[in-house]
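Understanding the architecture of this molecule
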Amino acid sequence: MKKALITGITGQDGSYLAELLLGEGYQVHGIVRRVALEDPQHRMWRIRHLLEDIHLHSASLESYPSLFNVVRQVQPAECYHLAAQSFVSYSFEDEFSTLNTNINGTHYMLSAIKEAAPRCRFYFAASSEMFGKAAEVPQNEQTPFHPRSSYGISKVAGFHLTRNYREAYGLHASCGILYNHESPRRGFEFVTRKISHQLARIKLGLDSQLRLGNLEAKRDWGHAADYVRAMWLMLQQEQPDDYVISTGSCHTVREFCDIAFSHAGLHYEDYVVVDERFFRPAEVDVLMGDCSKAQNVMGWNYDRSFTDLVQEMVDSDLRFVADQCRAGIGFGSQHDQSH
Ligand code: F7E
């Protein structure tokens, strides 16, 4: 049985990827922090339904020996390195931990694979944030990088590290340059989930406002379940390579709000309040991806509509908040309003 190792298995992408790999017949291993093992109720909600079928190992992205030991013990055929400090806004508050965790974590994983399982295929979760102040629209694999946050800088470093391990040591190491990808499993701090969740609370009478930053910010938003398939496809190619994964169309935060509130029978203008606290010191330009290489080389396609994605998230959060209310835990807002 083929073994796959996922860092960040408790996150949105990790959970969808674990489902996909189990469906493909893999033995799935995940690296989690000790705190998650000690508090599965809160920290493993996305993979609770998979816990019987997967193998979890405790290790930290900050500790090379802990990662090395897991790689040596598991001997994976494929490794998906998804774990990171992934909230761009937070990377402005703590540049140091973002750079340390993201760059060293990637370096440690690459080195552990090279030393302990050199035939293992490696996937690095790169990001459209690497393009930042983008030189062209849409962006493709040739577009120069101009990151606008320490998060973006950490991903550029991870990208170069991965490519260097491929070129210098012959590792089958690929980078997925993924644009924003969302789902009902998105973390509450990201704007899409913040909107769908707070809207559900408003609809159910638990809150009266949604405080947001830049409503004109534009993103190329896809569905995470389709994007993890692209990750898997990258490691099925004979040659390692780098691929842009995107929908090729852009929408503003305002449009997201409009579709979401209309779906719940409300007008967003009645509830959304623009709050300076949620603006960023530096915004990226229009990030919109050209994924023709992924389409042509790997046969990866994206055919969901933006409206379907928004409505799925709203429907899911309406159910989620209603369930919380029934359980008597719906009275504190889940997301941190400081984000
Ligand atoms: O922000 C604007 C905000 O935090 C999207 C991560 O997965 O995708 C994600 O990064 C936009 C920004 O995601 C609020 O200014 C307005 O322009 O949902 P987000 P992100 O920063 O694009 C990339 C590809 C990654 O790699 C990252 O890991 O929405 N915005 N008002 C707001 N954003 C937040 N969070 N909260 C607001 O109130």
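Reading guide: rules and limits
- Residues numbered from 1 in each chain as written.
- Predicted model: local features only at pLDDT ≥ 70, side-chain atom pairs only at ≥ 80, totals over all residues.
- Heavy atoms only, no water.
- Helix = DSSP H or I, 4+ residues; strand = E, 2+ residues; numbered from the N terminus.
- Contact = heavy atoms within 4.5 Å.
- Polar contact = N/O pair within 3.5 Å; in protein donor to acceptor, adjacent residues only side chain to side chain.
- Core = buried A, V, L, I, M, F, W, Y, C linked by side-chain atoms within 4.5 Å.
- Buried < 20%, exposed > 50% of the residue type's maximum accessible area, 1.4 Å probe, protein only.
- Domains from an automatic or database assignment.
- Buried area = accessible area lost by both parts, 1.4 Å probe.
- pLDDT = per-residue confidence, 0-100.
- Arc of directions from axis to C-beta.
- Patch = residues over 30% accessible without salt bridge, like charges linked within 9 Å, V, L, I, M, F, W, Y side chains within 5 Å.
- Areas by Shrake-Rupley, 256 points an atom, 1.4 Å probe, with all protein chains shown as cover.
- Salt bridge = Lys/Arg side-chain N within 4 Å of Asp/Glu carboxyl O.
- Lys, Arg positive; Asp, Glu negative; His and termini not counted.
- Charge placed at Lys NZ, Arg CZ, Asp CG, Glu CD.

1. Some remarks on the environment of Y302
- Inspection of the secondary structure assignment puts Y302 in the loop between α11 (292–298) and α12 (306–326).
- On a C-alpha basis, the gap between Y302 and H57 in space is 33 Å, while along the polypeptide they are 245 residues apart.
- With residues near it in sequence (within four places) discarded, Y302 still touches W221, G222, H223, D226, Y227 and T247.
- Engagement of the side chain of Y302 in a polar contact is seen with the backbone nitrogen of H223, the distance being 3.0 Å.

2. Here's the deal with the nonpolar core
- One finds L21, Y80, Y123, I245 and W300 to be the most contacted residues of the largest nonpolar core, which totals 72 residues.
- Residue contributions to this core peak at 9 residues, all from helix α9 (residues 224–236).
- Setting aside anything within four residues of it in sequence, one finds L21 in contact with A4, I6, Y26, V28, Y80 and W232.

3. Thoughts on the domain arrangement of the protein
- As assigned here, the protein comprises domain 1 (3–181 + 222–245) and domain 2 (187–219 + 249–286 + 305–326).
- Of note, the centres of domain 1 and domain 2, computed from C-alpha atoms alone, are 27 Å apart.
- With 17 residues of domain 1 at the interface, the matching set in domain 2 holds 15 residues.
- Surface buried jointly by domain 1 and domain 2 totals about 1,400 Å² across both partners, of which 56% is contributed by carbon and sulfur atoms.
- If you sort the residues of domain 1 by the area they bury against domain 2, F87, F92 and R148 come out on top, with a joint share of 34%.

4. Structural notes on the confidence of the model for the protein
- On average, the protein scores 95 in pLDDT, and the residues at 70 or more come to 97%.
- Taken element by element, the predicted model of the protein shows its lowest mean pLDDT in helix α3 (residues 40–43) (88) and its highest in strand β4 (residues 78–81) (99).

5. Examining helix α4 (residues 64–74)
- Looking at α4, one finds that the buried residues are S66, L67, V70, V71 and V74. Projected down its long axis, α4 shows its buried positions confined to an angular sector of 130°, all on one face. Exposed residues lying more than 90 degrees from the buried face of α4 are P65 and Q73.
- Packed against the buried residues of α4 are β1 (3–7), β2 (27–32), β3 (55–58) and α6 (95–116).

6. With respect to a negative patch on the surface
- Together, E255, D258, E269 and D270 make up a negatively charged patch on the protein surface.
- Relative to the assigned elements, D258 resides in helix α10 (residues 253–263).
- With relative accessibility at 37%, the residue D258 sits in the partly exposed group.

7. Describing the pattern of salt bridges
- Under the criterion given, the structure shown has 17 salt bridges.
- Between E182 and R186 there is a salt bridge, and its shortest N-O distance comes to 2.7 Å. Each of the two residues, E182 as well as R186, counts as buried.
- Here R304 ties to D226 by a salt bridge, and the two come within 2.6 Å at their closest N and O atoms. With R304 in the loop between α11 and α12 and D226 in helix α9, the pair connects residues that are 78 residues apart, well separated along the chain.
- Among the charged side chains, a network of salt bridges with common partners joins E129, R219 and E283.

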